[in-house]
Protein chains: 2
Amino acid sequence: MNRFAGRLAGCFTAAALVLGTLSPSFAQDKVAATVAEKADAAKPAGSGVTDFVLDNGMQVVVIPDHRAPIVTHMVWYKIGSADEPPGKSGIAHFFEHLMFKGTKNHKPGEFGAKVAENGGSENAFTSYDYTAFFQTVAPDVLGTMMAYEADRMRNLILTDDVIGPERDVVLEERRMRVETSPEALLDEEVDATLFQNHPYRIPVIGWMHEMEKLNREDAVAFYNRYYAPNNAILVVAGDVDADTVRRLAESTYGKIPRGPDLPPRVRPSEPEQNTARTVTLKDDRVTVPSFSRAWVVPSYTTAEKGEAEALDLLSEILGGGVRSRLYQQLIVKSGVASSAGAYYEGGRLDSTSFSLYGAPRGEATLQTVEAAVDAELQRIREQGVTREELQKAKTRFVRSMIFARDNQAGMANIYGSNLATGGTIADIEQWPDRIEAVTPDQVQAVAVKYLVPERSVTGYLLPKEGASN
Amino acid sequence: MNRFAGRLAGCFTAAALVLGTLSPSFAQDKVAATVAEKADAAKPAGSGVTDFVLDNGMQVVVIPDHRAPIVTHMVWYKIGSADEPPGKSGIAHFFEHLMFKGTKNHKPGEFGAKVAENGGSENAFTSYDYTAFFQTVAPDVLGTMMAYEADRMRNLILTDDVIGPERDVVLEERRMRVETSPEALLDEEVDATLFQNHPYRIPVIGWMHEMEKLNREDAVAFYNRYYAPNNAILVVAGDVDADTVRRLAESTYGKIPRGPDLPPRVRPSEPEQNTARTVTLKDDRVTVPSFSRAWVVPSYTTAEKGEAEALDLLSEILGGGVRSRLYQQLIVKSGVASSAGAYYEGGRLDSTSFSLYGAPRGEATLQTVEAAVDAELQRIREQGVTREELQKAKTRFVRSMIFARDNQAGMANIYGSNLATGGTIADIEQWPDRIEAVTPDQVQAVAVKYLVPERSVTGYLLPKEGASN
């Protein structure tokens, strides 16, 4: 089951899709598959990272990486789908698309052509909490990238003949990625059921009927409110020094006036939840049934000290990869499951979700797999984890973070996503130590406190005939 | 199962609670229990009703009723909990409480004392779509009532020492009415699951954690925005003529300047729903298990022509009282159920809910009752209803409306609630004819179109041990 369906919306390449989900709480097995282990990747986290703020309020982070003559240039806006006005779902992602249109100074496509001409790559993505744009290019065109990126921060041309066709594009994107996928449709309604009050219940890409009504007025209001240097973070990773980045940034972004002061990002939060819920979708296109069970849990931003780290390690021990309990018990030993795992979306601004999932193999039923997943969770809730398996999980987990940092864009992504969700550079640099400090008792405690069966939401994806709920 | 739990919040007397739910789509058996049939109650609907608008935009409706020397004076504000800003749940109901505090001209309690001194009664209530205040008094003090009511429309004193203690009162009201009631807690989460996007998912009384934060600033903003003559409807029913009402209204309400122009009441609407959901609460205090199954359906305001009337009659035929199919089959014939019925909340501004419910009797299980309720629904979806039972249902239904009109406050309530949710006086007067025009095919059609098992939300209220879901 693709746990990422519907979570991030953007114009992804396959590689960018993986990058788009990185954070201290990424699913490391997905990353490990895309990066190679290198000796020099193991240097201490955060070494040499510089940060400063431009006069207009734009935050700048420079991450030196001189292994190759490339540079990754990212701009992160502290605006995501969970900040959208009620009834305007999809506007954040729609706006990400509009950023690729023409400006007062450049025709549509000119920026992208410049990147391609340089042999570079570019992309963008939107999540619940941020919208980011990036290019990977040779260092000598970094200033050019900044000039283009700074230009579209304020100079977009937003006329009806730009808005209308691009709205059709995002509507088609929703049709392709969600409406044709029973899994994505189910994921949307699981989220809408899990979050009773918080806007994380609304899909990043938007609800179709609201996307259809997005218009020029919405786009202009959104642009003027959120696209400004004091709501943005510039992250530059690569073969460049901080002084150069500062000079280039001041001569491009630094010329843009500060935008409106924005209030703190306080979204409606969850009430106390008292019920167990299920969400069932039966569909002809489903051949193998599957389930996922989710809970609202704290994120790194909202957690009490140590709880987010404990949730990350719980997800690693329970279902983080081939060494996890779920994999070993359900896939290797009993063989009842074709897939089973755990996922914690710790890198969000507000309280987030922790989920378990599984699907049967061969003659096994979904009920068997569900009971087996429950049993593994219950075993941790009752008996905790061993010191030894926790130590191994920490090693795997921190190592995967190091792997992720080995990829330049991955590194930039870790800094950008953390800073855009309320974290600091110190948080990132101290994260391995905080992971190391987690005790077995803390892992058991978060399982007992948060993963309560009577307050869970379970999604069932079932074939139309046959396996019944 | 009390289908009203959590739907309306207010300072009800028992009688007012019943009145608070009246509308063309009320559950007539509940009303029939409180009023006596009288010969003169059968006069044509709407006879002699007058309406006009004051210069400041306040709508006025006068309903003559000269059977007794009493008058019911109601002011309806077109503001309910579904209009609240995100994160401020409970402010509409909280404000209803604050309206009983002191003004620049009158001490707290003075208005109520005047009503009591006259031998009258007063109350107020808040729903998703409106907030209403009323007094029933002798006609000679109608002008005094208007003076007091007009005074508190604009002159409330909203200081922190007023706000703080009253917030404690509404918090305690929530504790008493919701937190101590498994049924009410379940109802809240069923609504939060049924409505994925529309604010009807949020309880009228508010979520505890948001109510705790309501403050003076919120109250003042709410008052200044919504409490104004151009957002209010005055309904006077009783032993008084329209000219007198106009003269009194002009000399009281008429003196208040028009408030800000408000935008149309467009709330976020529901996306297409694709899943069947369940919401389960197990609680020590539950002795008999029960269930309810709900769907999002159009209201009188949002329905296509004839559909709301058909839904009302479907609810009447299926589960509207002792003559309904569910009652006859499950309670009288098979005896498996201690309760079973249907409920359609047609009187809302936006698309609303239709629900079925049941609880077992004796040795019968909840599963048996649930299957029997489903079978009755399925029978209508497949075979429709007979012309004869539809005719009987229409007669019962229209008759119950006439009964409701026999009660003066009930009559005022029908006009106020309809006008506050987008209806017109003509709608009310033509309602019996529209009910008469519904065909058996139309009843079957709305059942087939809207009551789809694969898109329902089922709530289960279960004892902690024993009956499992």
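Residues numbered from 1 in each chain as written. Chains lettered and ligands numbered in written order. Predicted model: local features only at pLDDT ≥ 70, side-chain atom pairs only at ≥ 80, totals over all residues.

Thoughts on the sheet that holds strand E11 (residues 352–360) of chain B
Ordered in space as E10(A)-E11(A)-E9(A)-E12(A)-E8(A)-E8(B)-E12(B)-E9(B)-E11(B)-E10(B), the 10 strands form an open sheet in which the pairing is mixed. Pairing within the sheet leaves two strands with one partner each, and these edge strands are strand E10 (337–344) of chain A together with strand E10 (337–344) of chain B. Strand-to-strand twist across the sheet, computed as the mean angle between neighbouring axes with direction ignored, equals 15 degrees. Pairing geometry for E10(B) and E11(B), over 7 bridges, is antiparallel. (Pairing = 2+ DSSP bridges. Helix = DSSP H or I, 4+ residues; strand = E, 2+ residues; numbered from the N terminus. Axes fitted to C-alpha atoms, helices over the stretch in contact; angles between N-to-C directions.)

Let's talk about helix H17 (residues 440–450) of chain A
Residues and elements named next belong to chain A. Of all the positions in H17, only Gln-442, Val-443, Val-446 and Ala-447 are classed as buried. Buried residues of H17 fall within an arc of 140 degrees about the axis and therefore sit on the same side. In this structure, the buried residues of H17 make contact with helix H11 (307–319), helix H13 (366–383) and helix H14 (387–406). (Buried ≥ 20, exposed ≤ 12 C-beta atoms within 10 Å, placed from the backbone. Arc of directions from axis to C-beta. Contact = placed C-beta atoms within 7 Å.)

Things to note about the packing of H14(A) against helix H16 (residues 425–436) of chain A
Residues and elements named next belong to chain A. Look at H14 against H16: their axes get within 10 Å of each other, and the N-to-C directions meet at 170 degrees. Regarding the angle of H14 to H16, the classification is roughly antiparallel. Residue-level contacts link Lys-394, Phe-397, Val-398 and Met-401 of H14 to Pro-432, Ile-435 and Glu-436 of H16. (Parallel < 35°, antiparallel > 145°, perpendicular 65-115°, else oblique.)

Focus: the packing of H11(A) against H14(A)
Residues and elements named next belong to chain A. It is the contact of H11 with H14, at a shortest axis distance of 9 Å, that shows an interaxial angle of 105 degrees. What the angle tells us is that H11 and H14 run roughly perpendicular. Of the residues in H14, those in contact with Asp-312, Leu-313, Glu-316 and Ile-317 of H11 are Glu-389, Leu-390, Ala-393, Lys-394, Arg-396 and Phe-397. Here the residues of the contact of H11 with H14 sort into 5 nonpolar, no polar and 5 charged. (Nonpolar A, V, L, I, M, F, W, Y, C, P; charged D, E, K, R; others polar.)

Re the domain arrangement of chain A
How large an interface is tends to be reported as the accessible area lost when its parts come together. Residues and elements named next belong to chain A. With domains assigned, chain A is organised as domain 1 (9–255) and domain 2 (277–463). Contact residues are listed per partner, giving 50 residues for domain 1 and 53 residues for domain 2. Element by element, the count of residues in the side of domain 1 that touches domain 2 is highest for helix H7 (residues 182–194), at 8 residues. Residues that form the side of domain 1 that touches domain 2 fall into these classes: 31 nonpolar, 10 polar and 9 charged. (Domains from an automatic or database assignment.)

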